[in-house]
2 protein chains.
Amino acid sequence: MEEKEAFDKYKNFSEWFRTIIMDAELVDTRYPVKGCYVWRPYGFKLRKYVLDIIKRLLNSTGHEEVLFPLLIPEDILGLEKEHIKGFEGEVYWVTHGGLRKLEKKLALRPTSETAMYSMFKKWVHSHADLPIKVYQIVNIFRYETKATKPLIRVREVTTFKEAHTVHATMEEAEKQVKEAVEIYSKFFDELGVPYIICRRPSFDKFAGAEYSIAFDTLMPDGRTMQIGTVHNLGQNFAKAFELTYEDVNGKHQFAYQTCYGISERVIAAIVAIHGDNRGAIFLPSIAPIQVVIVPIIYKGEEEKVLQQCRKVLDVLRQGGIRTFLDERDISPGRKFYDWEFRGIPVRVEIGPKDVANNQVTIVRRDTFERKTYSMGDLMTVVKEIFTEIEENLRKRAWEEFRKRIFRVKSLQEAREIIQNRRGIALIPWCESDECGLKMCEEVNGNVLGAVLSEDLANPAENEVCPICGRETKNMAAIAKTY
Amino acid sequence: MEEKEAFDKYKNFSEWFRTIIMDAELVDTRYPVKGCYVWRPYGFKLRKYVLDIIKRLLNSTGHEEVLFPLLIPEDILGLEKEHIKGFEGEVYWVTHGGLRKLEKKLALRPTSETAMYSMFKKWVHSHADLPIKVYQIVNIFRYETKATKPLIRVREVTTFKEAHTVHATMEEAEKQVKEAVEIYSKFFDELGVPYIICRRPSFDKFAGAEYSIAFDTLMPDGRTMQIGTVHNLGQNFAKAFELTYEDVNGKHQFAYQTCYGISERVIAAIVAIHGDNRGAIFLPSIAPIQVVIVPIIYKGEEEKVLQQCRKVLDVLRQGGIRTFLDERDISPGRKFYDWEFRGIPVRVEIGPKDVANNQVTIVRRDTFERKTYSMGDLMTVVKEIFTEIEENLRKRAWEEFRKRIFRVKSLQEAREIIQNRRGIALIPWCESDECGLKMCEEVNGNVLGAVLSEDLANPAENEVCPICGRETKNMAAIAKTY
């Protein structure tokens, strides 16, 4: 029974999380290279449906998918000086091909700015070639020296969606940053993953960016996790890569750029935020299996029940529902347990009574509500329940999130929130790096940045920074972070 | 005009091919690492539609998609002795993380047998866990010392679809090999890429396999290109990786395995085989744009024509056709040239006369046949034309292929075929390695193996091997190869 007690989302998040991702067969973390892991078939499907959403959002806003090489020559990786300073400590280097030493070391991409921008230079000639809006979904590599954690802190990020854009003016780059923030907001909204949007302090911005905006969510252990970032690169990379265009007057101008990324951390967030102590809970939109049918079999009635189950399977599959009929020779209870653990949003139970009454019994994974419906309503009902589950999961995630955001005035209160309340503290901040760094130190946490989510923090006008006493226009979000 | 003459598929294939893949913006080969290249948006879409076909074929035969890490530890890569011997000369090694030397070198996967099988061992316990049938689509790396050629001989294979299976018995593994051959045959048939299937001579089998079956197509320059392989691995890897299962009697047995792969070479084949001297020609099923609408504009009638064009665009898009309306301010002739070059299968032209008669003019990319149809028939006609184009491209590719396969009796004839006729020679063969190697030497070409394509080579019974004079049961296919 001890083992059972350890499986508790809030009391032992780390173990709860590891158990779900491993035992629900999303991933296998036993791969013999630290920080690298395997996507198993069930997890791969989940990943695919999540990626389908972001692809749809990007494609419908004029982004085009591309694929760049993994290997980046040392000299090109080093062209933008701030960028390489930020990454040099964690780049993997390929030094040998076969038995020969390579003339030039090759980096495994830690991100693809440098790989892409050396090519964009060849694609952009005049203003008519702009904007460029592309993205790719690839693996990237970081030689993490901290403890790794599957899906969250890894050495091979298997699922890095990075978008990169090029524009003629700063205004257009700014507009693009807004579009990116909107796209990511829609993405996380669809997934029911709550977030706070902050402008990162400049000591914590992306290496080479003018500024960085980030999406953070809050995990059950009270730590925030960065799940998306949007960077305005200004002309920093354009100057390093000589990325220019000829404007309408025939003058050569450096271009403006933005980039924005998400990773498999979003899947970690989905698992962590929606799951409960019976296992994972997946929104129907991304669930690898949306409906599982469990026959409730009594001796002598097997065939009648199974026939009805197959009929239901047919109806649902023809309606485009990802359905699985569990015909294994084990007890229904065991099956319930398995599929609840794996997060299937809807279970259909069919027993002799259901057959007799031409009905189905439906159980919701999120609320365990159990009802019977007539067979004729099957498709309509399942679709309605899908919508209800999606709405409920989103609502309860956001409620939980909001409950853990606290507006405070003093650093002492802030420290209390992040040390003992598993929350995010909002505190007035003058937005200076100096005060930001001091705050981090004083509360033993991290300043996520100036809050941009208007629904979460009213502007902190006429309030004062607790460090320097200057008047503030905005709040800082402070938290323990991953 | 000199440049123009160089663009000839048969006279100067290499230049023709390079021009199409670069200027139609499929890929960009100017990336600053030899043998690595970029998929541009247009090419990426083509690649996606091609991959959709193979995924459908694999998913519908019980294969599941997975994703394994890129990095393979040195000791694990070396577990199967034949395998590592075959690959050690061309493996890229990661030796440093950040500024530190790694304790253990990590290989960039040249293929994923070793990465996968060390995990399969953890997944397989009893016969009930079998079969395993998985695949992944990933990048792999080969340190090629020969001259590289985009899509054909590269250092980063960007698009490696590798399937791996595990079975309880050799019979099941054999059955799986047959299924794989069938899947690949369907795949290449859908794409209209002709092939000859051979069992590779054992001196040319996959490192670690019991035997290898390969699909080769014939390129316009008369060289064959391997576009798919299927390997029966027997128990070789299972023994090296201690991949065992408990059989029904409780005894531990080594498993049997197969693997099979295709790569972006299939896209090289599509471009090379279907294209003509006006550019690429894509089958509608995989064309990134299936229909382009070109307005034929005369002064004063612009708006009427454009309105009709937009109506056609709507109708086609609503019918699920990937359609593009070219409203650029350049001549129709220039537009025809562009879209023909990029391989769009169907062009719709709309001028004032078409508007007046409520009709459209449709031009086929494969035959340049030009006809007018009433607007009311638009969707029906376009779909019919798609089918006709697909059938025609397949038929003409196979006819061309068959014309270049020659059945010969002597090595002299074989040499003549592969040196001067750009063809494949079929010659009786005793199937011994010794005679195979001698043949290669004598004809200055390669023995692709014993022909398995029954429609291409009748069994060579009662014929004799031209080297040893022994009676033969089969033919060897001999060709110049990529």
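No experiment lies behind these values; they were computed from the predicted model shown.

**Overview of the overall build of chain A**
Point 1. The helix and strand inventory of chain A stands at 15 helices and 25 strands.
Point 2. By principal-axis analysis of the C-alpha atoms, chain A measures approximately 85 × 55 × 50 Å.
Point 3. A total of 482 residues make up chain A; the buried ones form 50% of that total.
Point 4. Looking at chain A alone, contacts between residues at least 24 apart form 67% of all its contacts between residues at least 6 apart.

**Remarks on the relation of the copies chain B and chain A**
Point 1. Mapping chain B onto chain A leaves a residual RMSD of 0.0 Å; the transformation is a rotation of 180° accompanied by 0.0 Å of translation along its axis. The relationship between the two copies is best expressed as a two-fold rotation axis. Residue V94(B) of chain B places its C-alpha closer to the rotation axis than any other residue of that unit, at 2.1 Å.
Point 2. In this assembly the copies share their binding face: 100% of the residues contributing to the interface of chain B also contribute to that of chain A.

**Concerning the environment of V193(A)**
Residues and elements named next belong to chain A.
Point 1. By the element assignment, V193 lies in the loop between α7 (170-191) and β9 (196-199).
Point 2. By C-beta crowding, V193 is classed as buried, having 28 other C-beta atoms within 10 Å.
Point 3. On a C-alpha basis, the gap between V193 and I273 in space is 7.1 Å, while along the polypeptide they are 80 residues apart.
Point 4. Once residues within four sequence positions are removed from consideration, V193 is found in contact with F188, T217, I227, V266, A269, I270, I273 and A397.

**Considering the interface of chain B and chain A**
As a measure of interface size, the accessible area lost when the parts come together is often cited.
Point 1. Facing the 44 residues of chain B at the interface are 44 residues of chain A.
Point 2. In terms of residue count, strand β5 (residues 92-97) of chain B provides more of the side of chain B that touches chain A than any other element does, 6 residues in total.
Point 3. Residue classes in the side of chain B that touches chain A are distributed as 27 nonpolar, 8 polar and 9 charged.
Point 4. Relative to β5(B), strand β5 (residues 92-97) of chain A runs antiparallel, the two being bridged by 5 bridges. When the sheet's bridge partners are listed, H96(A) is paired in β5(B) with W93(B).

**As for unusual backbone geometry**
Point 1. Along the chain, L130(A) connects to P131(A) via a cis peptide bond; the corresponding omega equals -5°.
Point 2. For N358(A), which is not glycine, the phi dihedral falls at a positive 50°.
Point 3. You can see N358(A) is positioned in the loop between α12 (352-356) and β18 (359-364).
Point 4. Residues other than glycine seldom take positive phi values, yet R422(B) does so here, at roughly 50°.
Point 5. Note that R422(B) resides in the loop between α14 (411-420) and β21 (424-429).

**Some remarks on the pairing of strand β8 (residues 156-167) of chain A**
On a regular strand, one side chain projects to one face of the sheet and the next to the other, so that they alternate.
All names here are of chain A.
Point 1. Of all the 12 residues making up β8, 12 are buried; the element is thus mostly covered by neighbouring parts of the structure.
Point 2. With 9 bridges connecting them, strand β7 (residues 132-141) and β8 associate as antiparallel partners. Across the sheet, the residue bridging to I140 is V157, located in β8.
Point 3. Relative to strand β14 (residues 256-262), β8 runs antiparallel, the two sharing 7 bridges. Pairing of A163 across the sheet is with Y260, part of β14.

**A closer look at the confidence of the model for chain A**
Point 1. Overall, the predicted model of chain A reaches an average pLDDT of 96, with 99% of residues at or above 70.
Point 2. The complex prediction reports pTM at 0.97, with the ipTM value standing at 0.96.

**Some remarks on the packing of helix α3 (residues 41-59) of chain B against helix α7 (residues 170-191) of chain B**
Residue and element names in this part refer to chain B.
Point 1. Close contact between α3 and α7 brings their axes to 10 Å; oriented N to C, the two are set at 150°. For the pair α3 and α7, the sense of crossing is right-handed. Contact residues: V50, I53, I54, L57 and L58 in α3; I183, K186, F187, E190 and L191 in α7.
Point 2. Taken together, the residues of the contact of α3 with α7 break down into 8 nonpolar, no polar and 2 charged.

**A word on the packing of helix α14 (residues 411-420) of chain A against helix α15 (residues 433-443) of chain A**
Residues and elements named next belong to chain A.
Point 1. Remark: α14 packs on α15, axes separated minimally by 9 Å, with the N-to-C direction vectors making an angle of 60°. Relative to α15, α14 is oriented oblique. As α14 packs across α15, the resulting crossing turns out to be right-handed. Contacts between α14 and α15 involve L411, A414, R415 and I418 from the first element and M439, E442 and V443 from the second.
Point 2. Here the residues of the contact of α14 with α15 sort into 5 nonpolar, no polar and 2 charged.

**A look at the domain arrangement of chain A**
Point 1. You can read the domains of chain A as domain 1 (2-274), domain 2 (291-388) and domain 3 (405-481).
Point 2. If you average the C-alpha positions of domain 2 of chain A and of domain 3 of chain A, the two centres end up 49 Å apart.

**Quick notes on the sheet that holds strand β19 (residues 370-374) of chain B**
Strand pairs in the sheet, formed through backbone hydrogen bonds, run parallel or antiparallel to each other.
Residue and element names in this part refer to chain B.
Point 1. With mixed pairing, 5 strands are arranged side by side in an open sheet as β16-β15-β17-β18-β19. Two strands in the sheet have a free side with no partner beyond their single neighbour: β16 (323-325) and β19. In this sheet, neighbouring strand axes are inclined to one another by 25° on average, regardless of whether the strands run parallel or antiparallel.
Point 2. Here strand β15 (residues 291-295) pairs with β16 via 3 bridges, running parallel. Looking across to β16, one finds that V292 is bridged to F324.
Point 3. In this fold helix α10 (residues 302-318) packs onto β15, β16, β17 (346-350) and β18 (359-364), with an angle of close to 170° to the strand it touches most, β15.
Point 4. Contacts between helix α11 (residues 332-341) and the sheet are confined to β15 and β17, with β15 contributing the most and set at about 170° to the helix.

**As for the nonpolar core**
Point 1. Among the nonpolar cores identified, the biggest contains 301 residues, and V193(A), A477(A), I478(A), V193(B), L426(B), A477(B) and I478(B) are the most heavily contacted of them.
Point 2. Excluding residues that lie within four positions of it along the chain, I478(A) makes contacts with A414(A), I418(A), A425(A), I427(A), M439(A), V443(A), G445(A), N446(A), V447(A) and L448(A).

**Here's the deal with the pairing of strand β9 (residues 196-199) of chain B**
Residue and element names in this part refer to chain B.
Point 1. Across 4 bridges, β9 lies against strand β10 (residues 211-218) in antiparallel orientation. Across the sheet, residue I197 finds its bridge partner in β10, namely F215.
Point 2. One ladder, built from 2 bridges, connects β9 with strand β22 (residues 446-451); its direction is antiparallel. Residue pairing for β22: C198 is matched across the bridge by V451.

What counts as what
Residues numbered from 1 in each chain as written. Chains lettered and ligands numbered in written order. Predicted model: local features only at pLDDT ≥ 70, side-chain atom pairs only at ≥ 80, totals over all residues. Helix = DSSP H or I, 4+ residues; strand = E, 2+ residues; numbered from the N terminus. Buried ≥ 20, exposed ≤ 12 C-beta atoms within 10 Å, placed from the backbone. Contact = placed C-beta atoms within 7 Å. Least-squares fit on C-alpha atoms with pLDDT ≥ 70 in both. Nonpolar A, V, L, I, M, F, W, Y, C, P; charged D, E, K, R; others polar. Pairing = 2+ DSSP bridges. pLDDT = per-residue confidence, 0-100. Axes fitted to C-alpha atoms, helices over the stretch in contact; angles between N-to-C directions. Left-handed = near helix turned anticlockwise from the far one by under 90°. Parallel < 35°, antiparallel > 145°, perpendicular 65-115°, else oblique. Domains from an automatic or database assignment. Core = buried A, V, L, I, M, F, W, Y, C linked by C-beta atoms within 7 Å.

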